[in-house]
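Tertiary structure, described
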Amino acid sequence: MAGILPLTTIDNAVAYFGSTGQGVQWTDANKAVLSKMILAISQAFENYSSHGFLLADETESWKINTDFVWCYRWPVASIASVSVSATGRKSGLAAFSGEYEISPNGKGILIYDVPEGALVQATYHGGLAADTASLISSYPDLEDLTLLQLVSEWKRHTMPDRTGVDLGGTGNTQWNGEIKLLSHVELRLDQNYVSQ
């Protein structure tokens, strides 16, 4: 399986933090932590969405119940090969000479004339972007969600279980529950990036 595509850059994140008034001193050590957080959030978004964002080759296997199969890396750009085992056993996979094509929505492959219960394996090329710059250019909303989540997690990363703090009459800060994806982030991922 291919690696994780960072959904923003350190420079973009630092600029975003500046606009939110966080007042962080961006030392090399803080930037290293920020880089790890960007990668972790990018992976969390992929896991939540069941969707590989990096444009890469992927091989997947499915038991067929319909002629459409969802692909982890969508949109699918090309299909290299399809193999089928009518018995449903991996040892019986053989090159498929029948018809298959990228589905009209680009999120999977249509495979025709394969019996229900057959095992199908496909190698294909798919995903949103080959690099972070291309992703930001084509999917700016995905970077925006990453930055929103990043600010939330950065505020909590040194004291993730804090229940409250008195700020000397200027207010009170407390964390409500564990660190998780923001509800607004989940909603927008659900609308645009969740596979099924």
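In the block above lies the structure referred to throughout.
Residues numbered from 1 in each chain as written. Predicted model: local features only at pLDDT ≥ 70, side-chain atom pairs only at ≥ 80, totals over all residues. Heavy atoms only, no water.

Considerations on the nonpolar core
Note on soluble globular proteins: their nonpolar side chains tend to be buried together. If you look at the biggest cluster of nonpolar residues, it comprises 27 residues, and the most contacted ones within it are Phe17, Leu34, Phe45, Phe53, Leu142, Leu150 and Leu189. When contributions to this core are tallied by element, the ones reaching two or more residues are α1 (10-19), α2 (28-49), α4 (140-156) and α5 (183-192). Examining the composition of this core, we find that six residues originate from one element, α4, more than from any other. Setting aside residues no more than four positions away along its own chain, Phe53 makes contact with Leu5, Leu7, Ser42, Phe45, Glu46, Arg73, Gly127, Leu128, Ala129, Leu142 and Tyr193. Ranked by size, the runner-up nonpolar core spans 16 residues in total, among them Cys71, Val82, Ile109 and Val120. (Core = buried A, V, L, I, M, F, W, Y, C linked by side-chain atoms within 4.5 Å. Buried < 20%, exposed > 50% of the residue type's maximum accessible area, 1.4 Å probe, protein only. Helix = DSSP H or I, 4+ residues; strand = E, 2+ residues; numbered from the N terminus. Contact = heavy atoms within 4.5 Å.)

Focus: the sheet that holds strand β5 (residues 100-102)
Sheet strands pair via backbone hydrogen bonds, and the direction of the pair is either parallel or antiparallel. Ordered in space as β2-β6-β5, the three strands form an open sheet in which the pairing is antiparallel. Looking at strand neighbours, the two that pair on one side only are β2 (68-70) and β5, the edges of this open sheet. Strand after strand, the sheet turns through a mean of 25° between neighbouring axes, direction not considered. As defined by bridge partners, β5 adjoins strand β6 (residues 108-111) across three bridges and the pair is classed as antiparallel. (Pairing = 2+ DSSP bridges. Axes fitted to C-alpha atoms, helices over the stretch in contact; angles between N-to-C directions.)

Considering the packing of aromatic side chains
For the structure shown, the criterion picks out seven aromatic pairs. Taking 6.4 Å as the distance between ring centres and 35° as the angle between the ring planes, the aromatic pair formed by Phe96 and Tyr100 counts as tilted. For Phe96, a relative accessible area of 18% translates into the label buried. Taken together, Phe17, Trp26 and Trp154 form an aromatic cluster joined through their ring pairs. Between the NZ or CZ atom of Lys107 and the centre of the ring of Trp74, over which it lies, the distance is 4.5 Å. (Phe/Tyr/Trp six-rings, centres within 6.5 Å; stacked < 30°, edge-to-face > 60°. Lys NZ or Arg CZ within 6 Å of the ring centre and 35° of its normal.)

Details of the environment of Ala122
Relative to the helices and strands, Ala122 is located in strand β7 (residues 119-126). Note on Ala122: relative accessible area 0%, which makes it buried. The spacing of Ala122 and Val84 is 38 residues in sequence and 8.8 Å in space, taken between C-alpha atoms. When neighbours within four sequence positions are excluded, Ala122 is seen to be in contact with Glu58, Thr59, Glu60, Trp62, Ser81, Val82 and Ile109.

What about the pattern of salt bridges?
Counting across every chain of the model gives two salt bridges. For the salt bridge of Arg73 with Glu58, the shortest nitrogen-to-oxygen distance reads 2.7 Å. Residue Arg73 is found in the loop between β2 and β3 (76-85), and its partner Glu58 is found in strand β1 (residues 56-63); the two are separated by 15 residues along the sequence. You can call Arg73 buried: its relative accessible area is 0%. Glu58 gets classed as buried once you look at its relative accessible area, which sits at 6%. (Salt bridge = Lys/Arg side-chain N within 4 Å of Asp/Glu carboxyl O.)

Regarding the sheet that holds β3
Sheet architecture is open: four strands sit in the order β1-β7-β3-β4, paired in antiparallel fashion. Every other strand in the sheet has two partners, leaving β1 and β4 (94-95) as the edge strands with one partner each. Alignment of β1 against β7, held across eight bridges, turns out to be antiparallel. Bridge pairing in β7 links Glu58 to Tyr124.

Considerations on the packing of α4 against α5
Following both chains from N to C, one finds α4 and α5 inclined at 160°, their axes separated by 10 Å at the closest point. Judged by the inter-axis angle, α4 sits roughly antiparallel to α5. Relative to α5, the crossing made by α4 is left-handed. Packed against α4, whose contacting residues are Asp141, Leu142, Asp144, Leu145, Leu148 and Gln149, the element α5 presents His184, Val185, Arg188, Leu189 and Asn192 at the interface. Its residues placed into classes, the contact of α4 with α5 shows five nonpolar, three polar and three charged. (Parallel < 35°, antiparallel > 145°, perpendicular 65-115°, else oblique. Left-handed = near helix turned anticlockwise from the far one by under 90°. Nonpolar A, V, L, I, M, F, W, Y, C, P; charged D, E, K, R; others polar.)

Keep in mind these numbers describe shape, not what the thing actually does.
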